[in-house]
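# Examination of the molecular architecture
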Amino acid sequence: MLDATRRRTGTMAALIGADRDAVESLTTKVRDSGGEVWVANVNAPGQIVVSGTVSGVAQVASMASEHGFKAIDLAVGGAFHSPLMRCARPALAVALDKALFNHARVPVVANFDARPHVEQRAWPSLLVSQLTAPVRWEEGIRVLCDELGCGCLVEVGPGPHLLTMARRIVPASRRIIINHPTAAQRDSAATIASARAAGGDPPPTNKHAPWSLIHSTIKLQSRVGRTAVVMIDVDAAEPLFAGHFPALPILPGVSLIECVHRAMKLAAPQELTDAEVSVVEKARFVDPVFPGDRVTMNLRWDADVDGWRCAAELATERGAAARVRLRLATAEAAR
Amino acid sequence: MTSAPTIERILPHRYPMLLIDRLVEFIAGEKLTAHRRVAGDEPWYESCDGPADRAYPPLLLLESWCQAAGLLAASEDEGGMSAQAMLLGAVTNVTFYGRVLPGDLVAHHVRLVRALGDVTVLEGDATVGNRLALSVGQVVIAIRPIGDLSSTASPLSGTTESSSSA
């Protein structure tokens, strides 16, 4: 980016009292006469930033007063968020391709499109696009507050520039600034909690938790000696179904092994309550399990010279679904 | 080298069940190496009983390995998997070694043993640095059109090596 600013020198200016359409028409006019200037930030009502060559920005600024708004030069090193940054795109794309992004636990609203994202793979292209495209800050704040229901906005950093803009966009929002590292550690949790208590923010929802089959109900049906029957009702609300698969929800095979593991924890004979799975010796999946299915597991524990095993037969209402045989490691065997 | 979008083109899995980050070595019909970074903020950690054990759930490690295997099993010229389901048919002798923790970069090594129509047999292991984390004696993966699978249809009449899921 630094390289791009050296190759194509540029600057930015804030237009106070302007609306986006008015500034768009000004920049279009300047570009039609050969200048280079674009809308770079839509920050808040009455605050639009333009970006471009020094002369392009100056031309827009010179027309500001006749349109009833005021131009303020910004002390920046380049024409950020404008096509003048284009030459930085390839290098940034390479760097972002090497960076690791994770899926978001809560949606993250991108400045590029003012839309919430959770998919990790969306970010490299969003960030590359942002180099040469306007920051849609006002719209993004509205999405946070109106669409996603955020009642409390927290600015991290020296501030309070962003919160000042946020107040203009959503006057009713609750706003907190965290601008000191130790204060952040000490106070942020308490501050945010108190904001919530004051009715600012709804409690967070762990939309993707719990994982796997943890919240599907599992029940011990019967236990006789070293055998047991355990049932699990596969909850259609299990989060994994969203991704396995989008076209047709099917319980992953490994989740059936996990069902056996849970059943084992629930129903193991006394001497095996602390046993863990050391080897999946064999698992065979003969019929898919779908959301809403009731899976009945018949478990049997046996010991031989190399230790304990748990064998399970799994069936749905449609018939056999899977057979699983696990080798167990007990604390005793480990000693 | 194949980048992330290709993984999503081949695998029908999506968040939160897409458990492969990157394909680092790929020889069609023979072998591949794929990476998965275990991040501490993954959703399943929220439902852990407590912070005491941050080990990655071993069966998710296996699922992640099976997805790497699925990349090798899927033939690229089929033009995407959106209408296909990738199903785990069978698993033999899978051993877990030690714990995999948030921050670990897991390398899945997959070798193709044989391919018989829509059924592929694979083997391999997963390592964290120089340490073996998982060894997979054998995994059978079947690729089936979604249309053949439905909760209302009669039980699958497929081969003995067919169906339920990867």
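Residues numbered from 1 in each chain as written. Chains lettered and ligands numbered in written order. Predicted model: local features only at pLDDT ≥ 70, side-chain atom pairs only at ≥ 80, totals over all residues. Heavy atoms only, no water.

## Some thoughts on the overall build of chain B
Of regular secondary structure, chain B possesses 2 helices and 6 strands. In sequence order, chain B lays out its α and β elements as α-β-β-α-β-β-β-β. In chain B, which comprises 166 residues, the share counted as buried stands at 54%. Long-range pairs, those at least 24 residues apart, make up 65% of the contacts in chain B with a sequence separation of at least 6. Total accessible area on chain B stands at roughly 6500 Å², and carbon and sulfur atoms take up 51% of it. (Helix = DSSP H or I, 4+ residues; strand = E, 2+ residues; numbered from the N terminus. Buried < 20%, exposed > 50% of the residue type's maximum accessible area, 1.4 Å probe, protein only. Contact = heavy atoms within 4.5 Å. Areas by Shrake-Rupley, 256 points an atom, 1.4 Å probe, with all protein chains shown as cover.)

## Let's talk about the pattern of salt bridges
Residues and elements named next belong to chain A. Scanning the model with the defined rule gives 19 salt bridges over all chains in all. A salt bridge links Glu139 to Arg136; the nearest nitrogen and oxygen atoms lie 2.9 Å apart. Arg300 serves as the salt-bridge partner of Asp302, at 3.0 Å between the closest nitrogen and oxygen. Among the residues examined, Asp302 registers a relative accessible area of 35% and is labelled partly exposed. (Salt bridge = Lys/Arg side-chain N within 4 Å of Asp/Glu carboxyl O.)

## Details of unusual backbone geometry
Note: most peptide bonds trans; most residues except glycine with negative phi. Cis geometry is found at the peptide bond from His244(A) to Phe245(A), where omega equals -5°. Here Phe245(A) is to be found in the loop between strand 10 (227–233) and helix 9 (253–267). The step from Tyr15(B) to Pro16(B) runs through a cis peptide bond, and the omega angle for that step is 5°. Inspection of the secondary structure assignment puts Pro16(B) in the loop between helix 1 (4–10) and strand 1 (22–27). The phi dihedral of Asn93(B) is positive, around 50°, even though this residue is not glycine.

## Re the confidence of the model for chain A
For chain A, per-residue confidence averages 84 on the pLDDT scale, and residues scoring 70 or more make up 87% of the total. This stretch, residues 199–212 of chain A, has a pLDDT under 50; its non-local contacts, to residues over four places away or in other chains, come to 36 contacts. (pLDDT = per-residue confidence, 0-100.)

## Overview of helix 9 of chain A
All names here are of chain A. Under the 1.5 Å per step criterion, the end-to-end length of helix 9 is 21 Å for 15 residues, consistent within 8% with the ideal 21 Å. Across the 15 residues that make up helix 9, a large majority, 12, are buried. Of the residues making up helix 9, those classed as buried are Gly253, Val254, Ser255, Leu256, Ile257, Glu258, Cys259, Val260, His261, Ala263, Met264 and Ala267. (Expected span 1.5 Å × (residues − 1).)

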